[in-house]
Amino acid sequence: MSEVKKIAVLGGDGIGPEVVGEALKVLKKTEELFGYKFETEQALFGGIAIDEKGTPLPQETLDLCLASDAVLLGAVGGPKWDSNPAALRPETGLLGIRKALGLFSNIRPATVFDCLKDASTLKPEVLEGTDLIVVRELTGGIYFGEKSRRDTENGQEAIDTCVYNEKEVERIVRQAFDIAMTRSKRLASVDKANVLETSRLWREVVIRVAADYPEVELEHVLVDNCAMQLLRRPASFDVIVTENMFGDILSDEAAMLTGSIGMLSSASLGEGSFGLYEPVHGSAPDIAGQGISNPIATILSVALMFRLTFGYHDAAQAIEDAVKEVLDAGHRTGDIAVDKSKAIGTTAMGDLIIAAMKK
Ligand SMILES: NC(=O)c1ccc[n+]([C@@H]2O[C@H](COP(=O)([O-])OP(=O)(O)OC[C@H]3O[C@@H](n4cnc5c(N)ncnc54)[C@H](O)[C@@H]3O)[C@@H](O)[C@H]2O)c1
Ligand SMILES: CC(C)[C@H](C(=O)O)[C@@H](O)C(=O)O
Ligand SMILES: [Mg+2]
């Protein structure tokens, strides 16, 4: 009998609960096929928690996460709450949960499925062989620096501060080098060292840490150039490590190499095996409630949870193979369908994937 793994489930807002619902079916199917045991418990987070508890991250939600082995998150936010500054302040909401759980490392793989090349705006020959991971620093930088407003003769002035210390840079950079060692030993460190002091420090730390990884081929890429090179030579990247805001932007760009933001999974990790797993996309208010969202990003996030937190590589492989099988068979949600008239819905895609899962 395998030990029971406790998973905190935070559906959140918009399409969050829909895509998480499909991921829960995958957990159940994994129990049936592999005998692993999961205890899931749902809690309020995001806009729905503001509505019901007056805060996006109620203490009981945080306590549940802290008492769990992993967290499965859908997405949060939407027009109803985006005007409420408490929703996205570092000390609350999404940034608050990342900080409170010490999740400084955000791993966002962008794997191009061969059969989805037609869904990408890039030419198939440019995409050939693209399989990269963005390693994004998640609890520092401009997201968490001091913010303020003041009155000036030119009206209100707003200030965001970008701060990084060597420890914060070194721990994420080491993780990225470690990941590069398990893959093709190529690392691109992305910064804006021609302008930003935080980026100059970042680059110094990367160069220092690189001495411990002589086998890794390292390139430093300025973020604006990286945004362009991702479209010009995506296959030349393997692991990309970068600071919080650059990682946010570059990972959404990388999503389009795969065909859709609905394909991109993510793991947020700290020092131990505990992790929070969520799709890279948001709550997609424009399609919420229609049953047409793509659940694959969330389902692949469960596979990441199995690999990185539980070490259930067999079950992770079963999920990844099932997703590939279903896509190879031509099934598509609207975001990845070339012929939109043949698109299937969220539940149908989830059902096909669990039906394709095998031991
Ligand atoms: N981790 C998170 O919870 C998270 C991440 C990003 C944005 N957000 C929040 O989500 C809200 C909406 O943000 P946005 O519109 O900028 O980004 P978004 O990712 O929610 O949506 C961007 C576009 O991608 C589409 N899309 C996203 N996920 C999809 C899926 N699974 N299947 C099919 N199409 C999908 C949407 O329909 C939309 O057209 C905002 O409140 C934002 O702050 C939350
Ligand atoms: C919603 C927002 C705060 C969040 C971020 O910028 O980290 C999102 O875009 C993400 O990528 O998870
Ligand atoms: Mg983002």
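In this text the structure is predicted, and so the values were computed from the model without any measurement.

**Regarding the sheet that holds strand 1 (residues 4-12)**
Here's step 1: Pairing in this open sheet of ten strands is mixed, and the strands run 2-1-3-12-11-4-5-10-8-9 from one edge to the other. Each end of this open sheet is capped by a strand with a single partner; those strands are strand 2 (37-42) and strand 9 (217-222). Each adjacent strand pair in this sheet contributes to an overall mean axis angle of 25 degrees, direction not counted.
Here's step 2: Here helix 7 (residues 166-182) sits on the sheet and contacts strand 4 (105-111), strand 5 (131-137), strand 8 (186-191) and strand 10 (239-242); the angle it forms with strand 5, its principal contact strand, is near 165 degrees.

**Remarks on the domain arrangement of the protein chain**
Here's step 1: In terms of domain boundaries, the protein chain breaks down into domain 1 (1-103 + 261-359) and domain 2 (121-258).
Here's step 2: Between domain 1 and domain 2, the C-alpha centre-to-centre distance is 24 Å.
Here's step 3: At the junction of the two partners, domain 1 supplies ten residues and domain 2 supplies eight residues.
Here's step 4: In terms of residues, the side of domain 1 that touches domain 2 owes the most to one element, helix 5 (residues 93-100), which gives three residues.
Here's step 5: Of the residues contributing to the side of domain 1 that touches domain 2, the split by class is seven nonpolar, one polar and two charged.

**As for the pairing of strand 4**
Successive residues of a regular strand alternate their side chains across the two faces of the sheet.
Here's step 1: Of all seven residues that make up strand 4, six are buried, and the element is covered over most of its length.
Here's step 2: The sheet contact formed by strand 4 and strand 5 spans seven bridges and is antiparallel. Its bridge partner being in strand 5, Ser-105 is matched across the sheet by Glu-137.
Here's step 3: Of the strand pairs in this sheet, strand 4 and strand 11 (residues 265-269) are connected by three bridges, and their pairing is antiparallel. When the bridges of strand 11 are listed, Ser-105 appears paired with Leu-269.

**Quick look at the UniProt feature "binding site: substrate" (unreviewed entry) in the protein chain**
Here's step 1: Sites flagged by UniProt as "binding site: substrate" (unreviewed entry) map to Arg-98, Arg-108, Arg-136 and Asp-224. Annotated residues spanning 127 residues; largest pairwise C-alpha distance 26.6 Å, indicating distribution over more than one region.
Here's step 2: Its place among the elements puts Arg-98 in helix 5.
Here's step 3: Mapped onto the secondary structure, Asp-224 falls in helix 9 (residues 223-232).

**With respect to the site of ligand 1**
Here's step 1: Around ligand 1 lies a shell of 22 residues, among which Gly-77, Gly-262, His-281, Gly-282 and Asn-294 are the nearest.
Here's step 2: Here the shell around ligand 1 is built from residues that sort into ten nonpolar, eight polar and four charged.

**With respect to unusual backbone geometry**
Here's step 1: Non-glycine residue Lys-185 carries a positive phi angle of around 60 degrees.
Here's step 2: Of note, Lys-185 is situated in the loop between helix 7 and strand 8.
Here's step 3: Residue Ala-284 is not a glycine yet carries a positive backbone phi of 40 degrees.
Here's step 4: Note on placement: Ala-284 falls in the loop between strand 12 (275-279) and helix 11 (296-310).

**Regarding the nonpolar core**
Here's step 1: Counting 100 residues, the largest nonpolar core has Leu-72, Ile-240, Tyr-277, Val-302, Ile-319 and Ile-353 as its most contacted members.
Here's step 2: Top element by residues in this core is helix 11. It accounts for ten residues.

**Thoughts on the environment of Leu-352**
Here's step 1: Relative to the helices and strands, Leu-352 is located in helix 13 (residues 346-356).
Here's step 2: The partly exposed category is assigned to Leu-352, around which 17 C-beta atoms lie within 10 Å.
Here's step 3: Sequence separation between Leu-352 and Glu-325 is 27 residues, and the spatial gap between their C-alpha atoms is 9.4 Å.
Here's step 4: Non-local contacts of Leu-352, meaning those with residues more than four positions away in its chain, are made with Val-326 and His-331.

**Describing the packing of helix 7 against helix 8 (residues 197-210)**
Here's step 1: Contact pair helix 7 / helix 8: the axes reach a minimum separation of 9 Å and the direction vectors enclose 50 degrees. In terms of axis orientation, helix 7 runs oblique to helix 8. The handedness of the crossing between helix 7 and helix 8 comes out as right-handed. Residues Glu-166, Val-169, Glu-170, Val-173, Arg-174 and Phe-177 of helix 7 lie in contact with helix 8, whose contacting residues are Leu-201, Trp-202, Val-205, Val-206 and Val-209.

**A few points about the packing of helix 1 (residues 16-34) against helix 12 (residues 313-328)**
The description of two helices packed together rests on the angle between their axes and the distance between the axes.
Here's step 1: Where helix 1 meets helix 12, the closest approach of the two axes is 11 Å, and the angle between their N-to-C directions is 125 degrees. Here helix 1 lies oblique to helix 12, going by the angle between them. The handedness of the crossing between helix 1 and helix 12 comes out as right-handed. Across from Val-26, Thr-30, Leu-33 and Phe-34 in helix 1, the residues of helix 12 making contact are Asp-314, Ala-315, Ala-318 and Ile-319.
Here's step 2: Here the contact of helix 1 with helix 12 is built from residues that sort into six nonpolar, one polar and one charged.

About the criteria used
- Residues numbered from 1 in each chain as written.
- Chains lettered and ligands numbered in written order.
- Predicted model: local features only at pLDDT ≥ 70, side-chain atom pairs only at ≥ 80, totals over all residues.
- Pairing = 2+ DSSP bridges.
- Helix = DSSP H or I, 4+ residues; strand = E, 2+ residues; numbered from the N terminus.
- Axes fitted to C-alpha atoms, helices over the stretch in contact; angles between N-to-C directions.
- Contact = placed C-beta atoms within 7 Å.
- Domains from an automatic or database assignment.
- Nonpolar A, V, L, I, M, F, W, Y, C, P; charged D, E, K, R; others polar.
- Buried ≥ 20, exposed ≤ 12 C-beta atoms within 10 Å, placed from the backbone.
- UniProt positions renumbered as here; feature names shortened; annotations may be inferred.
- Near = placed C-beta within 6 Å.
- Core = buried A, V, L, I, M, F, W, Y, C linked by C-beta atoms within 7 Å.
- Parallel < 35°, antiparallel > 145°, perpendicular 65-115°, else oblique.
- Left-handed = near helix turned anticlockwise from the far one by under 90°.

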